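Remarks on the overall topology
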Amino acid sequence: MNLRKRHKGASAEVHTSAMNDIMFFLLLFFLIASTVTNPNVIKLMLPKSSSGQSVSKKTINVSIDKDLKYTIDKKAIPVDQLQPTLQSYKALASELTIVLYVDRTVAIQDVVQVMDIAQKLNIKLVLATEPKG
């Protein structure tokens, strides 16, 4: 006499191979999507260099002081002459980079005005900062 009960119930197995595929594709999707996103920031075109120095052919310094006086390479110019002056510099050098020095009390609209002129003339622009410390 056999007193054991013979239970032939369903086995409790979980097949995870399909779940692994789905997780892999989700991970891949989020990695690709994170590289494509573009945060709302003003992009500055920084010069590239393998030696750590600027590789642009010509660099000019544009500065705006706290009294909204514009200077290009230490020459004071009125704001309405900024675009023609930069255009003449652009005619002299094909690869031109502007290093923009701005006093911290100047409104951002004045900075964006210079950035717009550089964008119209297809000139690279770098905003100069001073290091912390």
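See above for the structure.
As the structure is a computational prediction, the values presented were derived from the model and not from experiment.

Considerations on the sheet that holds strand β2 (residues 70-72)
- Pairing in this open sheet of 5 strands is mixed, and the strands run β3-β2-β1-β4-β5 from one edge to the other. On the outer flanks of this sheet lie β3 (75-77) and β5 (124-127), each paired with one strand and no other. Across this sheet, the average inter-strand angle for adjacent strands is 30 degrees, counted without regard to direction.
- Looking at chain direction, β2 and β3 are connected through 3 bridges and run antiparallel. Bridging from a neighbouring strand, isoleucine 72 pairs with lysine 75 of β3.
- In the packing of helix α2 (residues 82-92) onto the sheet, contacts are made with β1 (58-64), β2, β3 and β4 (96-102), and the angle to β2 comes to roughly 10 degrees.

A look at the packing of aromatic side chains
- Taken as a whole, this structure holds 2 aromatic pairs when the rule is applied.
- Consider the rings of phenylalanine 24 and phenylalanine 25, whose centres lie 5.8 Å apart with planes at 65 degrees: the pair is edge-to-face. Considered together, phenylalanine 24 and phenylalanine 25 belong to a single accessibility category, that of exposed residues.
- On the numbers, 5.4 Å between centres and 65 degrees between planes, the contact of phenylalanine 29 with phenylalanine 30 is edge-to-face.
- Taking the relative accessible area as the measure of exposure, phenylalanine 30 reaches 52% and is therefore exposed.

Describing the nonpolar core
- Among the nonpolar cores identified, the biggest contains 21 residues, and Ile72, Leu82, Leu86, Ile98 and Val114 are the most heavily contacted of them.
- Looking at which element gives the most residues to this core, the answer is helix α3 (residues 108-120), with 5 residues.
- Setting aside chain neighbours within four positions, we find leucine 86 in contact with Ile60, Val62, Ile72, Leu96, Ile98, Ile117, Leu121 and Ile123.

A short note on the environment of lysine 66
- With respect to the element layout, lysine 66 can be found in the loop between β1 and β2.
- The sequence separation of lysine 66 and alanine 107 amounts to 41 residues, and the corresponding C-alpha distance is 9.3 Å.
- Residues in contact with lysine 66, not counting those within four places in the same chain, are Asp103, Thr105 and Val106.

Description of the layout of surface pockets
- Taken as a whole, the second largest pocket holds about 280 Å³ of empty space.
- Together, Tyr101, Val102, Asp103, Arg104, Ile108, Val111, Leu127, Ala128, Thr129 and Glu130 line the second largest pocket.
- Mapped onto the lining of the second largest pocket, the elements with two or more residues apiece are β4 and α3.
- Classifying every residue of the lining of the second largest pocket gives 6 nonpolar, 1 polar and 3 charged.

Observations regarding the pairing of β1
- Sheet topology note: the β1/β4 ladder contains 7 bridges and is parallel. Along β4, the bridge assignment pairs serine 63 with tyrosine 101.
- Sheet analysis places β1 next to β2, joined by 3 bridges and oriented antiparallel. Looking at the pairing, isoleucine 64 lines up with tyrosine 70 of β2.
- Linking β1 to β2, which pair antiparallel, is a turn of 5 residues; within it leucine 68 sits at a positive phi near 60 degrees.

Cut-off values and rules
Residues numbered from 1 in each chain as written. Predicted model: local features only at pLDDT ≥ 70, side-chain atom pairs only at ≥ 80, totals over all residues. Heavy atoms only, no water. Pairing = 2+ DSSP bridges. Helix = DSSP H or I, 4+ residues; strand = E, 2+ residues; numbered from the N terminus. Axes fitted to C-alpha atoms, helices over the stretch in contact; angles between N-to-C directions. Contact = heavy atoms within 4.5 Å. Phe/Tyr/Trp six-rings, centres within 6.5 Å; stacked < 30°, edge-to-face > 60°. Buried < 20%, exposed > 50% of the residue type's maximum accessible area, 1.4 Å probe, protein only. Core = buried A, V, L, I, M, F, W, Y, C linked by side-chain atoms within 4.5 Å. 1 Å grid on protein atoms, 1.4 Å probe; cavity = no way out; pocket = protein on both sides within 12 Å on 5 of 7 lines; lining within 4 Å. Points joined across faces, edges and corners; volume = space filled by probe spheres on them. Nonpolar A, V, L, I, M, F, W, Y, C, P; charged D, E, K, R; others polar.

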